[in-house]
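Structural features, examined
The residues making up each chain are set out below.
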There are 2 protein chains.
Amino acid sequence: MSSTPSRGHQLDRVAVTGGTHGNELSGVYLVKHWLQNPSELQRGTFAATPFLANPKATKRCIRYLSQDLNRSFTRTFLTSKETQDGPYEVRQAQEINQLFGPKGSADAFDFIFDLHNTVSNMVACLILDSEENVFTMHMCHYIQKHTQGPCPIYLYGLPGQENYSLQSVAKNGLGLELGPQPHGVLRADVLSHMRALVACGLDFIDLFNQGTSFPAFDIVAYKIIEPMDFPQSPSGELLGFVHPQLQDKDFFPLKPGDPIFQLFSGEEIFYEGDATIYPAFINEAAYYEKGVAFYKMKKCTFSIPPLEAPEASAP
Amino acid sequence: MSSTPSRGHQLDRVAVTGGTHGNELSGVYLVKHWLQNPSELQRGTFAATPFLANPKATKRCIRYLSQDLNRSFTRTFLTSKETQDGPYEVRQAQEINQLFGPKGSADAFDFIFDLHNTVSNMVACLILDSEENVFTMHMCHYIQKHTQGPCPIYLYGLPGQENYSLQSVAKNGLGLELGPQPHGVLRADVLSHMRALVACGLDFIDLFNQGTSFPAFDIVAYKIIEPMDFPQSPSGELLGFVHPQLQDKDFFPLKPGDPIFQLFSGEEIFYEGDATIYPAFINEAAYYEKGVAFYKMKKCTFSIPPLEAPEASAP
């Protein structure tokens, strides 16, 4: 994903994708609604394109068929030739790359909002790869100021790791990760919250396109360190579960010595790290298959430079 | 399912089944734990047998492979001959009927606890077919008095309908339906609550076996009326979702004119019945495939006759 759009570049081509994971229903149903009634996605300077990213998984209300679509936007998968017999999500990633990319090219869409839900208590989490995405960091800041409730920023990029996500197809992008909501369920409160966040992000792009500059600011964000696995037997069976004192405490400080797991025997397991961390995606259903209980995050404060308005476009 | 065990009949053969739905993890992991460490299921007068009811669905962390196991204990399925090529859950139902039945026979187990979770806010719901099960109603009353938090009683039998559930294989049975917990997730609070309910039910059987009689009482229970479907298009697409004022209000009164749905357009839908009902299983993920938004229940008070202690068994 590139960083700040260069001065003078309006954002004309914007997409809103839902159903990247087929059982995360807020995005699925918002996109289905917007495909029928796109007016909510229109602004003065552009109209965003709604897109259902994984229709087969959506139809079956499962996360994916063959592999996680949101991990399938790597060079290896996007250039793989075995299209007809290969995994469905690889073919789907290539189609999305055709539609909204090609990734890394000048032809790529300007921005993608990718809509997700989690069973974890992540509230209205804003997900991007790095604080170096100045444009998206400004959008996050705008959303935090203009919507209700906390919107923690989650930076998922690791040094040297290729960006694998759907939103990486566009020049810039933002994942909206709203929870808690069980997978396969549509909660009114979560749906309306997601709707408000998308609307606010579109408003921000519209303001920028209209010539608004945004000043520099400092902002708190959480940067991924590494996953924390569940306690497991050598054969991979769970030996315990998230401690009741940690459950639902996403983005709260976890200090060395704090309890993190309880075993079925009743024994407690304590966090053994050297420093305070901020767990995220605590007890997310989709990560059980990986054995991941939560992600360790560090809390950082970043100074984001100003965002200059684009030059007025030719009439 | 028969009613009161006859006087003089101790309960010697008791089973605790989990994973009847493979993605309802409290029961799955409690049963797995008890298979390794059965001491929690032992009492002075008997030892309960833990059993994982749908191991293939459990392994894949899905509700079922071919059909809902907990709807597969009808005469038609239990006597079906197409065992090898037929649906997996039909074969599994027949095996369970061999192990803990045969259903309706003198050889059947005395009692089955069947462990379930729901994403709905059903708290610690106690499920049986009818208030005519005097023994199980006494157990419910005992559990309500000896555990913390509300334990609403849900009576699922409809007049003239054959009993289809796993617990119907035994002479008596009780379903424990704990929520809210997302499917595919293990929450510490829900797990420990379920553990306490099972322990309390086993204590009750032990007391009964030891010669305790229980006096008559009046008790509130909720009896099923019928399902309420989601608003849907002719092709079965959802047109809306559970109204935020109804969400999480399981077993609260719903009056004619109260809002029940919100459409994606923003329009509200109101309950049009003639009388106050008590919705249950509001917005349960597993019922989306049936288009069911909740079950309409009526609140009833029943007078339950005394339960006489069994005669002392021969030394």
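Residues numbered from 1 in each chain as written. Chains lettered and ligands numbered in written order. Predicted model: local features only at pLDDT ≥ 70, side-chain atom pairs only at ≥ 80, totals over all residues. Heavy atoms only, no water.

1. Comments concerning the relation of the copies chain B and chain A
Both copies of the chain are placed relative to one another by a rotation about an axis and a shift along it. The two copies are related by a screw operation: chain B maps onto chain A through 180° of rotation and 0.0 Å of translation along the axis, at an RMSD of 0.0 Å. Put plainly, the chains are arranged around a two-fold axis. Ranked by how close their C-alpha atoms come to the rotation axis, the residues of chain B are headed by B:Pro182, at 2.4 Å. When the interface residues of chain B are mapped onto chain A, 100% of them again lie at the interface, so the same face is used by both copies. (Least-squares fit on C-alpha atoms with pLDDT ≥ 70 in both. Contact = heavy atoms within 4.5 Å.)

2. Let's talk about the UniProt feature "domain: AstE/AspA barrel-sandwich hybrid" (unreviewed entry) in chain A
When the UniProt feature table is mapped to this numbering, "domain: AstE/AspA barrel-sandwich hybrid" (unreviewed entry) covers residues 218-299 of chain A. Within the segment residues 218-299 of chain A, helix and strand shares are 0% and 38% respectively, and the terminal C-alpha atoms sit 13 Å apart. (UniProt positions renumbered as here; feature names shortened; annotations may be inferred. Helix = DSSP H or I, 4+ residues; strand = E, 2+ residues; numbered from the N terminus.)

3. Focus: the pattern of salt bridges
Residues and elements named next belong to chain B. As enumerated under the stated definition, the model contains 24 salt bridges over all chains in all. Across the salt bridge formed by Arg63 and Glu24, the nearest N and O atoms sit 3.2 Å from each other. Of this pair, Arg63 sits in the loop between α2 (55-60) and α3 (75-78) while Glu24 sits in the loop between β1 (14-18) and α1 (25-36), placing them 39 residues apart in sequence. When its relative accessible area of 11% is taken as the criterion, Arg63 is described as buried. (Salt bridge = Lys/Arg side-chain N within 4 Å of Asp/Glu carboxyl O. Buried < 20%, exposed > 50% of the residue type's maximum accessible area, 1.4 Å probe, protein only.)

4. Here's the deal with the UniProt feature "binding site: Zn(2+)" (unreviewed entry) in chain A
Residue and element names in this part refer to chain A. UniProt marks His21, Glu24 and His116 with the feature "binding site: Zn(2+)" (unreviewed entry), using the numbering shown here. These annotated residues cover 96 residues of sequence, and their C-alpha atoms all fall within 7.3 Å of one another, placing them together at a single site. Residue class for Glu24 comes out buried when judged on its relative accessible area of 2%. If we skip the residues at most four places from it in the chain, Glu24 touches Arg63, His116, Asn117, Glu177 and His183. Within the structure, Glu24 has its side chain in polar contact with the side chain of Arg63 (distance 3.3 Å). Looking at the secondary structure, you find His116 in strand β3 (residues 111-117). Judged by its relative accessible area of 4%, His116 is buried. (Polar contact = N/O pair within 3.5 Å; in protein donor to acceptor, adjacent residues only side chain to side chain.)

5. Points about the packing of aromatic side chains
Working definition: an aromatic ring pair is given by the centre-to-centre distance plus the angle between the planes. All names here are of chain A. For the structure shown, the criterion picks out 40 aromatic pairs over all chains. Ring centres of Phe204 and Phe214 lie 4.7 Å apart, and the angle between their planes is 40°; this geometry places the pair in the tilted category. Of this pair, Phe204 sits in helix α6 (residues 188-209) while Phe214 sits in the loop between α6 and β7 (217-229), placing them ten residues apart in sequence. A relative accessible area of 0% places Phe204 in the buried class. Given the relative accessible area of 12%, Phe214 is considered buried. Relative to Phe264, the ring of Phe241 lies with its centre 5.4 Å away and its plane at 55°, an arrangement referred to as tilted. (Phe/Tyr/Trp six-rings, centres within 6.5 Å; stacked < 30°, edge-to-face > 60°.)

6. Remarks on the interface of chain B and chain A
Each partner contributes residues to the interface: chain B has 28 residues there, and chain A has 28 residues. Where chain B abuts chain A, roughly 2300 Å² becomes buried across the two surfaces, and 63% of that area is made up of carbon and sulfur atoms. On the chain B side of the contact with chain A, B:Leu186, B:Ala188 and B:Phe264 bury the most area, a combined 25% of that side's loss. One can count four salt bridges joining chain B with chain A. The salt bridge involving A:Glu237 is made with B:Lys32; its shortest N-O contact spans 3.2 Å. For the interface between chain B and chain A, the tally reads ten residue pairs in polar contact (both at pLDDT 80 or more). Counting residues per element, the ones that place at least two in the side of chain B that touches chain A are α1, α6 (188-209) and β8 (240-242) of chain B. Take the side of chain B that touches chain A: its biggest share by element is four residues, from α1(B). Across the side of chain B that touches chain A, the residue classes break down as 15 nonpolar, eight polar and five charged. (Buried area = accessible area lost by both parts, 1.4 Å probe. Nonpolar A, V, L, I, M, F, W, Y, C, P; charged D, E, K, R; others polar.)

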